[in-house]
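Summary of the model geometry
So the chains spell out like this:
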Amino acid sequence: MKKIIILCILALFLCACSKKEEAKGSSKTVDLGEMTADEQDLEEGSANDADDAGAQAQDDAAAPDDKKAARKKGGREARKGERPYRGRQPAEEEKLKAQEEENAEAAFDFSDDAKDDKKEEVAKAPAAPEPRMPKVRQGMSIEKLINIREFREKTGYSGALSEAWLLGQNPDQKYNSMRIATDNEKELGFSIQVWKPGNESAAAKRFEDLFKQSFGGQKVKQLANDAFSSNHHKLNELVFFEKSKRATVMLSCTESICSLEQLKEIAMSIQRRL
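Numbering of residues begins from 1 in every chain and follows the order in which that chain's sequence is written. Only residues with pLDDT of at least 70 get local features here, since the model is predicted, and only at 80 or more are side-chain atom pairs given and counted; chain-wide, interface and lining totals rely on the full set of residues. Side-chain metrics rest on all non-hydrogen atoms present in the structure, leaving aside hydrogens and water.

Quick look at the state of the cysteines
The condition is simple: Only a pair of cysteine sulfur atoms within 2.5 Å counts as a disulfide in this structure description. Burial status follows relative accessibility: with a 1.4 Å probe on protein chains alone, a residue under 20% of its type maximum counts as buried, one over 50% as exposed, and anything between as partly exposed.
Tallied over the entire structure, the rule returns 1 disulfide. Cys253 shares a disulfide with Cys258; S-S distance 1.8 Å. For Cys253, a relative accessible area of 0% gives the class buried. Accessibility expressed as a relative area gives 1% for Cys258, which makes it buried.

Re the pattern of salt bridges
Heads up, the condition is: A side-chain nitrogen of Lys or Arg and a carboxyl oxygen of Asp or Glu constitute a salt bridge if their distance falls within 4 Å. Each helix is a run of DSSP H or I of at least 4 residues and each strand a run of E of at least 2, with the numbering of both proceeding from the N terminus.
Per the counting criterion, the structure on display carries 6 salt bridges. Lys205 is the partner of Asp209 in a salt bridge, and the nearest nitrogen-oxygen pair spans 3.2 Å. A residue pair is termed a helical-turn pair when its members lie 3 or 4 positions apart in one helix, as Asp209 and Lys205 do in helix α7 (residues 200–213) at 4 residues. The exposure class assigned to Asp209 is partly exposed, which follows from its relative accessible area of 23%. Using a relative accessible area of 53% as the deciding quantity, one classes Lys205 as exposed.

Concerning the nonpolar core
Worth spelling out the cut-off: Among buried residues, the Ala, Val, Leu, Ile, Met, Phe, Trp, Tyr and Cys ones that are joined through side-chain atoms within 4.5 Å form a nonpolar core. In what follows, a contact means two residues having at least one pair of non-hydrogen atoms within 4.5 Å.
Within the largest apolar cluster, 27 residues are counted, with the highest numbers of intra-cluster contacts made by Phe190, Ile192, Leu251 and Ile270. Those elements that place two or more of their residues in this core are β2 (175–181), β3 (190–195), β6 (235–242), β7 (247–254) and α8 (260–273). Beyond its immediate stretch of four places on either side in the chain, Ile192 contacts Leu145, Ile146, Asn176, Ser177, Met178, Val249, Met250, Leu251 and Ile270. The next biggest cluster of nonpolar side chains, apart from the first, holds 9 residues, and it includes Phe207, Leu210, Phe228 and Met250.

Re the packing of aromatic side chains
Under the convention used in this document: Pairing of aromatic side chains requires ring centres within 6.5 Å, counting the rings of Phe and Tyr and the six-membered ring of Trp. Pairs whose planes differ by under 30 degrees are stacked, by over 60 edge-to-face, and all others tilted. Ring-over charges, as used throughout, are those where CZ of Arg or NZ of Lys falls within 6 Å of the ring centre and within 35 degrees of the ring normal.
Under the defined criterion, the tally for this structure stands at 4 aromatic pairs. Look at Phe151 and Phe190: their rings are 4.9 Å apart centre to centre, the planes differ by 40 degrees, and that puts the pair in the tilted class. Remark: Phe190 occurs in strand β3 and Phe151 occurs in helix α6 (residues 148–155); sequence separation between them is 39 residues. When sorted by exposure, Phe151 lands in the same class as Phe190, which is buried. Centre to centre, the rings of Phe211 and Phe228 are 5.0 Å apart; their planes meet at 70 degrees, and the pair counts as edge-to-face. In this pair, Phe211 sits in helix α7 while Phe228 sits in strand β5 (residues 226–232), placing the two residues 17 residues apart along the sequence. Put simply, the rings of Phe207, Phe211 and Phe228 pair up and form one aromatic cluster. The ring of Phe211 is capped by Lys219, whose NZ or CZ atom sits 4.6 Å from the centre of that ring.

Some details on the side chain of Thr254
With respect to the helices and strands, Thr254 occurs in strand β7. Sequence-distant contacts of Thr254, that is, excluding residues within four places in its chain, are made with Glu187, Leu188, Gly189, Lys234 and Leu235.

Details of a nonpolar patch on the surface
Here is the rule: Two distance rules govern patches: like charges are joined within 9 Å, and nonpolar side chains (Val, Leu, Ile, Met, Phe, Trp, Tyr) within 5 Å, applied only to residues with over 30% relative accessible area and no salt bridge. With residues, only the protein chains shown are counted as cover, and all accessible areas are computed by Shrake-Rupley using a 1.4 Å probe.
A contiguous nonpolar surface patch, about 310 Å² in accessible area, is contributed by Ile6, Leu7 and Leu10. Its place among the elements puts Ile6 in helix α1 (residues 2–28).

Side note on the pairing of β6
Stated precisely, the cut-off is as follows: A pair of strands is considered paired only if DSSP assigns at least 2 bridges between the two.
Of all 8 residues in β6, 8 are buried, a share of seventy percent or more. Here β6 shows two buried faces, one formed by Leu235, Glu237, Val239 and Phe241 and the other by Asn236, Leu238, Phe240 and Glu242. One ladder, built from 7 bridges, connects β5 with β6; its direction is antiparallel. Looking across to β6, one finds that Ser229 is bridged to Leu238. Hairpin connection between β5 and β6: a loop of 2 residues separates the two successive antiparallel strands, and His233 in this loop has a positive phi of roughly 50 degrees. In this sheet, β7 lies alongside β6 in antiparallel orientation, the contact comprising 8 bridges. Its bridge partner lying in β7, Glu237 is registered against Ser252.

Okay, structure coming up:
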């Protein structure tokens, strides 16, 4: 009985040892010839990449420095062209794209240029001369004594005429003046001055003062209560005193526009209207 048990134990031991030997032998056995198609393609691709890299390295070593730089620049530009907004957030990319589109549209918008051209044309156009508009008259009213239409009829002057101011004494309730000017700023044209100081003696004194201050004044008959005329500085002047109206009137005119005789006709018309 003991012998049978011993034999069974030996048999089990030998069986276990034989299995271990088989396992060791199977782990060491590798068949290099049995490779899959994918593994062969991977191995061949790696080999080709290595060959290409080697060829590129030889070309770079053999090529001049400028060709190397050009090749590197071309690679960078190609990568940049693929994605010009690389490394930016999507919102920032959209903003930059919209800005580029707006700039492209503005490059073909010539409306502002046309407006600038029109502004330049307006700026270059000569400004029209401002019409001489007399201010509202103050003081004693003398508008009814003479006007431009009547002055043309009395003198026959056909040039440009406009109502203007006569510099000197300020108008008030006892004095006023008016001027009919031509387009020549260097000449007087025609002017009228009227004094009504309020009484006969004051008006007579004004007449005498003007006579004394005149340049070679000469008395004129058949005009008002007293009158005189003078000629100086290419001007004809006529002054008269009207007792009933307690007024003294002085007329002045450029000699090339009206003569002393024409001034007398104007004076007689004014005398009736005082």
